[in-house]
Amino acid sequence: MTIAVLSGFGVALTAPWLQGRLPRRAGWLLILLPLALTAWFAAQLPRVAEGTTLAESVSWIPSLGIDLAFYLDGLSLTFALLISGIGAVVLLYASAYLADDPLLGRFYLYLLVFMASMLGTVLADNLITLFVFWELTSISSYLLIGFKHSYGTSRAAALQALLVTGGGGLAMLAGLVLLGQVAGTSNLSSLAASGERVRASDLYPAILGLVLVGAFAKSAQFPFHFWLPNAMEAPTPVSAYLHSATMVKAGVYLLARLSPALGGTVEWQGLVIGVGAATMVLGAYLAWQQVDLKRILAYSTISALGILVLLLGVGGALATKAALTVLVAHSLYKGALFLVAGALDHETGTRDVTQLGGLRRAMPITGAVALLAGASMAGLPPLFGFVAKEVFYKATYEAPDLPALLTALAVLSSVLTVVAAGLVALKPFFGVRAHTPRHPHEAPLRMWLGPLFLAGLSVLLGVWPALVAEYSVKPATEAVLAGPAKVELVLWPGVNPVLALSLLTLALGAGVYVFRHALLAWARRLDVGKRLGPERGYGRALDGLLRLADWQTDLLQNGYLRFYLITIVAVTVVLVGYTALAEADLSGALRAPEMRVYEGAIAVVILAATYAVTRAHSRLAAVAALGTVGYSVALLYILFGAPDLAMTQFAVETLTVFLFVLVIYRLPRFATLTSRMERWRDAVIALSAGALMTLLVLIVTADPSRAHVASFFAENSVTLAKGRNIVNVILVDFRGLDTLGEITVLAVAAAGVFALLKLRPAQARAPEARAERARTAELQAVPTAEAGADPGSGD
Amino acid sequence: MEVVLAVIIGALYAAGLYMMMRRSLAKVVIGLSLLSYAANLLIFTVNGVMRGRPPLVPEGAVRPVEPFADPLPQALILTAIVIGFGVQAFALVLFKRAYQAAGTDDLDQIRSTELPKKSRKAGQAQG
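Presented here is an overview of the structure given in this document. (Residues numbered from 1 in each chain as written. Chains lettered and ligands numbered in written order. Predicted model: local features only at pLDDT ≥ 70, side-chain atom pairs only at ≥ 80, totals over all residues. Heavy atoms only, no water.)

A tally of regular secondary structure across chain B gives 4 helices and 0 strands. Overall, chain B shows an N-to-C arrangement of helices and strands of α-α-α-α. Buried residues in chain B amount to 61% of all 127 residues. In chain B, the share of contacts with a sequence separation of at least 24, taken over all contacts with a separation of at least 6, comes to 50%. Summed over all atoms, the accessible surface of chain B reaches about 4,800 Å², with 64% contributed by carbon and sulfur. (Helix = DSSP H or I, 4+ residues; strand = E, 2+ residues; numbered from the N terminus. Buried < 20%, exposed > 50% of the residue type's maximum accessible area, 1.4 Å probe, protein only. Contact = heavy atoms within 4.5 Å. Areas by Shrake-Rupley, 256 points an atom, 1.4 Å probe, with all protein chains shown as cover.)

And the structure:
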């Protein structure tokens, strides 16, 4: 099972190479993987139907309790079969649909990565593993929606889908972590056992809210639904696979999987049923008003996802059974219809339903597929969609709370779904032959074989629903309920109120379809979609985020060196100063100075010279004062037993003064650029930093009882290193490598100085005259432009 | 004596930071110098100082006469002085080139790595 999941990632990496080597056959070769996976999962059907489950675990991050754990029961098996089966169909379809695309290999890569991630999501047994695969599906969805990356709309839609589902995913991660802590296990398969504890916990509302946000965002529930129609920017095979049959159902999967632990409470029912019902009606209402085939299908997918969420909210054996039946039925017919829409687009050059008509002779097979899948969508017997709608109605009709309202909403959305089905399956193929941008032909084999297979399954399962009931719906229902359930599906349940509702739905649907133009004008005037647009909220949030980032960047990265310094210094002074005053023992720090007269004199000289540096108005005065400070510091070194330091300091100080004098005369005179207020502000901050340093030195030196490493060097200087000057011995022997580093730094600095002084940028080197001019400009230090002294180009 | 040194260190830090907060690049470079004096003296002082007892081993002995000044800070500072000089020299020359390129030593005028308009035009005309 681990191999089943991970093989997808492996094969995905070879796909671009394979496409490069065998451009014509790569599609046929690559579908071998999903086919093999389908076969393997199908082979597990009988065992799982008997109630066996499979579990595998590979240790991943044991210290955090995260394992690459996989678990196969009825629910995951149903999803896994849909993912791998429809994956094969879509892959084959794409090989024809995108045959002319130079990036087809990359498309295969993304698609296979998605398939593997999706399998990982539904098979994962560990909460964190689930999250990782969940987010991988979001990322592959992002790449696939943005596949036509040269279009701005594609990129915007991809980003929107990523942000909405990824943001929901983050909420879900928080919820899952909390859930794992409360339940005491991060294994999904053992969560059901601690359901009581989770539901009684104080954290239950937080867990429920966070997990639901993740699930709703992924499954395009109101108010997160807006990303799904926009995701139709993706190539049609992607829409069929990710945004209809599999990925958008991940949220539904999560709800089903967690319902034993989280479900059954008032909060769960209120939220899940409410959101599901709103989504169901809204999706259906918007679907039939669209003119783009894919958008019709997208909104009706939203409606179907709403049905699934609603049913899982109702809970119980009947509703769960209904949810799983609708799930399978929807994946089959909607996958097929999306592929039909893609074929129409591919062959006629348009997806506008008002421009399509009378194509049944030109595209007979596609038309037949559309008719079968559309009939299933509309809920016509003997197709599987009919069976699904029967159990759906039965579940709402017999719901424990508000059965009348739920049933009314269910019928309303189903009526509109019938209209949408008519628009997709009837309108393009019957009636007057419309003029299309391209002359229509039947789609190639690879583009009708898969859809035909899916539509055929709709027929087969409709005629023989016991098959799917026995092997898929029953084990899955038992997995969701965490207990045995009696599940039967029949095509013809006999005459009952539910059948009457179905007939009413079809009649009303047909009526609306016939009079749709009049109704459409009326509905457009209402314009619910724009008014209820959470998409505007998304746009505002995105703009706000960018503005916030701009503001923050301007604040923190303002480009003024002094503000960086002021921030750093002020924060240090406040934090360190507070800690020093609050925590440290200040008794010994404040003591009377003890010094000799000549020491005092040096101190006075240093302080005076330091002050002079800060107040100097001439460059030479500043350099002279700086030199005075340096030489005086050297004197201090002599007085306190550091002759080596003093000698070095004298030498370096002399060089520094030379250097300053040489360079500083090429520079402008000191100018006072800041205002008096600014200078006072800086002075206060600098003085408080200085005071803090004084205080720290006093605190540290007040306590003499510290271990010295000096004795080690004193002991070993002569015996080990044969040197009498201990400082020198440390430099060249004990810490010899440090000195090597120091020399290296000095060499690099010297090279840098040389390069800056001697090497000229390319532009300045070329013409003789201009170089001369540049040299003059340099000598005069006139602040006019010296030609082309670009610091980045020539050096 | 540490008390006096502490005051000197504080004054050097204050002056160094104040100079580094100026807008004129020349003053910033001078501030860097002051800061390195301050840091060196800080290292020198924190472990306690001792008058006139350099860490030298007399002829014929195997260890210095107690008490003696701590040799380790001295070794560290020796390195720091030399590296400080390297940094100082590089900063000065870099500053000189930046001034030539930008035509100003006001840090607020040097806000980007792009050349000022005038000299960029000249560069493009020739390039």
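Next, the rest of the story.
Scanning chain A from terminus to terminus reveals 34 helices and 2 strands. The C-alpha radius of gyration computed for chain A amounts to 38 Å, which surpasses the reference 28 Å derived for 795 residues by more than 25%, pointing to a less compact arrangement than a globule. The principal-axis extents of the C-alpha atoms in chain A amount to approximately 115 × 70 × 55 Å. The buried share of chain A, taken over its 795 residues, is 53%. Nonlocal contacts in chain A, meaning residues at least 24 apart in sequence, comprise 78% of its contacts between residues at least 6 apart. Accessible area of chain A: about 34,100 Å², with a carbon and sulfur share of 67%. The centroid of the 55 positive side-chain charges in chain A is displaced by 10 Å from the centroid of its 47 negative side-chain charges. (Rg over C-alpha atoms; globule rule 2.2 N^0.38 Å. Lys, Arg positive; Asp, Glu negative; His and termini not counted. Charge placed at Lys NZ, Arg CZ, Asp CG, Glu CD.)

So, about the interface of chain A and chain B. Across the boundary between the two partners, chain A contributes 102 residues, which contact 92 residues of chain B. At the boundary of chain A with chain B, total buried surface from both sides reaches about 9,300 Å², with 73% on carbon and sulfur atoms. Counting the surface chain A buries against chain B, the share from its top three residues, Phe640, Arg724 and Leu756 of chain A, is 8%. In this structure, the connection of chain A to chain B is made through 4 salt bridges. Between arginine 51 of chain B and glutamate 599 of chain A there is a salt bridge, with its nearest N and O atoms 2.4 Å apart. The tally of links from chain A across to chain B stands at 11 residue pairs in polar contact (both at pLDDT 80 or more). In terms of residues, the side of chain A that touches chain B owes the most to one element, helix 29 (residues 676-702) of chain A, which gives 14 residues. A per-class count over the side of chain A that touches chain B returns 65 nonpolar, 18 polar and 19 charged. (Buried area = accessible area lost by both parts, 1.4 Å probe. Salt bridge = Lys/Arg side-chain N within 4 Å of Asp/Glu carboxyl O. Polar contact = N/O pair within 3.5 Å; in protein donor to acceptor, adjacent residues only side chain to side chain. Nonpolar A, V, L, I, M, F, W, Y, C, P; charged D, E, K, R; others polar.)

Okay, helix 31 (residues 726-734) of chain A next. Along helix 31 of chain A, the residues classified as buried are Ile726, Val727, Val729, Ile730 and Leu731 of chain A. Buried residues belonging to helix 31 of chain A abut helix 28 (643-664), helix 30 (710-719) and helix 32 (736-758) of chain A together with helix 3 (71-102) of chain B. In this structure asparagine 725 of chain A caps helix 31 of chain A, since a side-chain oxygen of it lies 3.1 Å from the backbone nitrogen of valine 727 of chain A.

Contact pair helix 26 (residues 597-615) of chain A / helix 1 (residues 2-20) of chain B: the axes reach a minimum separation of 10 Å and the direction vectors enclose 10°. Here helix 1 of chain B runs roughly parallel to helix 26 of chain A, going by the angle between their axes. Along the contact surface, helix 26 of chain A presents Ala603, Ile606, Leu607, Thr610, Val613 and Thr614 of chain A, while helix 1 of chain B presents Val4, Val7, Ile8, Ala11, Leu12, Ala15, Tyr18 and Met19 of chain B. Here the residues of the contact of helix 26 of chain A with helix 1 of chain B are counted per class, giving 12 nonpolar, 2 polar and no charged. (Axes fitted to C-alpha atoms, helices over the stretch in contact; angles between N-to-C directions. Parallel < 35°, antiparallel > 145°, perpendicular 65-115°, else oblique.)

The side chains of a regular strand alternate between the sheet's two faces. All names here are of chain A. Of all 7 residues in strand 2 (residues 66-72), 6 are buried; the element is thus mostly enclosed. The pairing of strand 1 (residues 54-61) with strand 2 spans 7 bridges and is classified as antiparallel. Note on strand 2: the bridge partner recorded for isoleucine 61 is isoleucine 66. What sits between strand 1 and strand 2 in their antiparallel hairpin is a turn of 4 residues, with glycine 65 showing a positive phi close to 70°. (Pairing = 2+ DSSP bridges.)

What follows deals with the pattern of salt bridges. Two side chains with opposite charge may pair up if their charged atoms get near one another. Enumeration according to the criterion identifies 12 salt bridges over all chains in this entry. Between glutamate 59 of chain B and arginine 724 of chain A there is a salt bridge, with the nearest N and O atoms lying 3.8 Å from each other. Of this pair, glutamate 59 of chain B sits in the loop between helix 2 (25-46) and helix 3 while arginine 724 of chain A sits in the loop between helix 30 and helix 31, on two different chains. Its relative accessible area of 69% is what places glutamate 59 of chain B among the exposed residues.

In short, geometric facts, not functional conclusions.
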